[in-house]
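Next come the chains, spelled out residue by residue.
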Amino acid sequence: MKSFLLLLLTAVTLWANAHIFVYHRFGDSRYPTTNTTIEELQKEFEYFKTNGYKVVPLSLLVKTLKEKKDVPDNWIVLTIDDNFKSFYTNALSVFKKYNYPFSLFVYVQATQDKYKDYLTWEQLREIAKYGSLEFHSYGHPHMTYLSDEELKKDFDKGLALFKKELNLVPKVFTYPYGEYNQRVQKVVRSYGFDAIINQNMGAVSKSSDVYDMDRTALVGKVNLKHYLKYKFLDAKWIEPTIFPKNSMLKSLHVKTNEKEKKGNLYITGHGWLQTTLNDGNFNLKLNKKLTNKRSRIMITVGNKISSKLLIKDKYGIK
Ligand SMILES: [Zn+2]
């Protein structure tokens, strides 16, 4: 009994909110930065299985959030971005073996124009028997570099082909390259998806925004245990919200309900720095030059994390 209680306690401390993970290529050593070896995949699935995690369909997590119910701490959602052939040839059998549901986000043009390395419509139709197929745009653009009209043109074309070839209306969207801002988000939301997922490392809790769900990439050799410890930090970003003028990040203001006095801040190109919270607020003068047109700001309090992606917008936020 004692050892059972100990086990239970360990399990509770290991679990922290639901996690959405994203894979890209499988067993394809030509692209180490986007690849997951089959050995690594098996290891991760075995870890979920033996440590009490439950891999659930994305639709169940979305439904739970919409109903404002608590999100169980041991839930895992598995997603795959880009319809690479290697999913079908190398990984699908592993998903089947563990009976793990998945959502595959389709880059429509790659299949439509029969790009090498990408799945055919026929293969996608077969995959749809085991998991859900969702939308990842028609042309896989850097979305902040397209106007609203160009974005709509891309979506209309992609969604029409999705319907024609798969007879499906996708329910969820993921941004190509994980790149978005408020303007892009507004266009995507006008399409009425049930949920939108980003690629900002983190976790999902009851307070997560179903139209901006955090998702962690599992590529290369990953520290799965480390990622699983992350919790969702309920944070209101007041500043910055857009890529700053002249690339100068002057200040940061984020409101949280945390009682902690210490937090950490990460800025692309500047690394991590320790900071203090005042009544749950991160309020800092920074004057840091952002050297990357795609910069990430992350804040953590304990193992809770929230992040903001700042990307140059060709058309300006409207
Ligand atoms: Zn992609």
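Going by the structure above, here's the rest.
Residues numbered from 1 in each chain as written. Predicted model: local features only at pLDDT ≥ 70, side-chain atom pairs only at ≥ 80, totals over all residues. Heavy atoms only, no water.

Observations concerning the sheet that holds strand β18 (residues 304-311)
What counts here: A pair of strands is labelled paired if DSSP reports no fewer than 2 bridges between them. Only DSSP runs of H or I reaching four residues or more are called helices, and only runs of E reaching two or more are called strands; each is numbered from the N terminus.
Spatially, five strands are ordered β11-β18-β17-β14-β15 in an open sheet, and the strand pairing comes out mixed. Each of the sheet's edge strands pairs with one partner strand only, and the pair in question is β11 (231-232) and β15 (271-276). In this structure, strand β14 (residues 262-267) lies alongside strand β17 (residues 294-301), joined through four bridges in antiparallel fashion. Bridge pairing in β17 places Leu265 opposite Ile299.

Describing the sheet that holds strand β13 (residues 248-256)
In plain terms, the rule: Throughout, an axis means a line fitted to C-alpha atoms (over the contacting stretch in the case of helices), and angles, computed between N-to-C directions, take values from 0 to 180 degrees.
Ordered in space as β12-β13-β16, the three strands form an open sheet in which the pairing is antiparallel. In this open sheet, the two strands that pair with only one neighbour each are β12 (235-239) and β16 (281-289). In this sheet, adjacent strand axes meet at a mean angle of 20 degrees when their direction is disregarded. Pairing geometry for β13 and β16, over seven bridges, is antiparallel. Residue pairing across strands places Met248 opposite Lys289, the latter belonging to β16.

Description of the coordination of the zinc ion
Cut-off, in case you're wondering: Metal donors were taken as nitrogen, oxygen and sulfur atoms no farther than 2.8 Å from the ion, or 3.2 Å where the ion is Na, K or Ca. Water is excluded, so coordination may look unfinished. Note on exposure labels: buried denotes an accessible area under 20% of the residue type's maximum, exposed denotes more than 50%, and partly exposed covers the range between, all computed with a 1.4 Å probe on protein chains only.
Protein-derived coordination of the zinc ion comes from Asp82 (OD), His136 (NE2) and His140 (NE2), at a distance range of 2.1 to 2.2 Å. Here the donor residues of the zinc ion share one chain and are spaced in sequence as D-x53-H-x3-H. His140 carries the same exposure label as His136, and that label is buried.

Structural notes on unusual backbone geometry
Residues apart from glycine generally show negative phi values, whereas peptide bonds are mostly found in trans. Omega for the peptide link from Glu239 to Pro240 comes to 0 degrees, which places this bond in the cis form. Mapped onto the elements, Pro240 comes out in the loop between β12 and β13. A positive phi angle, near 85 degrees, is found at Ser137, a position not held by glycine. In this structure, Ser137 sits in the loop between β7 (132-135) and α7 (148-166).

Some details on the pattern of salt bridges
What counts here: Here, a salt bridge means any side-chain nitrogen of Lys or Arg that lies within 4 Å of a carboxyl oxygen of Asp or Glu.
As enumerated under the stated definition, the model contains 16 salt bridges in all. Note that Asp117 and Arg25 form a salt bridge whose closest N and O atoms lie 3.2 Å from each other. Of the two residues, Asp117 sits in the loop between α5 (108-112) and α6 (121-127) while Arg25 sits in strand β2 (residues 25-26), which places them 92 residues apart along the sequence. We classify Arg25 as buried; its relative accessible area is 9%. Of the charged contacts, one joins Arg30 and Asp28 as a salt bridge, the two residues approaching to 2.8 Å between their closest N and O atoms. What you see here is one network of salt bridges that share partners, running through Arg25, Asp28, Arg30 and Asp117.

Topic: the packing of aromatic side chains
Let me state the cut-off plainly: Stacked, tilted and edge-to-face are the three classes assigned to paired rings of Phe, Tyr and Trp, where Trp is represented by its six-membered ring and a pair needs centres within 6.5 Å; plane angles under 30 degrees give stacked, over 60 edge-to-face, the rest tilted.
As enumerated under the stated definition, the model contains 30 aromatic pairs in all. Their ring planes at 55 degrees and their centres at 5.3 Å tell us that Tyr266 and Trp272 sit as a pair that is tilted. The class of Trp272 is partly exposed, set by a relative accessible area of 43%. Members of the aromatic cluster, each reached through a chain of ring pairs, are Phe21, Tyr23, Phe26, Phe45, Tyr47, Phe48, Tyr53, Phe87, Phe95, Tyr98, Tyr100 and Phe102.

Some remarks on the pairing of β18
Counted residue by residue, β18 has six buried out of eight residues, so it is predominantly covered. Pairing between β11 and β18: two bridges, direction parallel. Pairing of Lys231 across the sheet is with Lys304, part of β18. Inspection of the sheet shows β17 paired to β18 by eight bridges, in the antiparallel sense. Note that in β18 the partner of Val301 across the bridge is Lys304. Turn length for the β17-β18 hairpin, with the two strands adjacent in sequence and antiparallel, is two residues, and the turn residue Gly302 shows positive phi of about 60 degrees.

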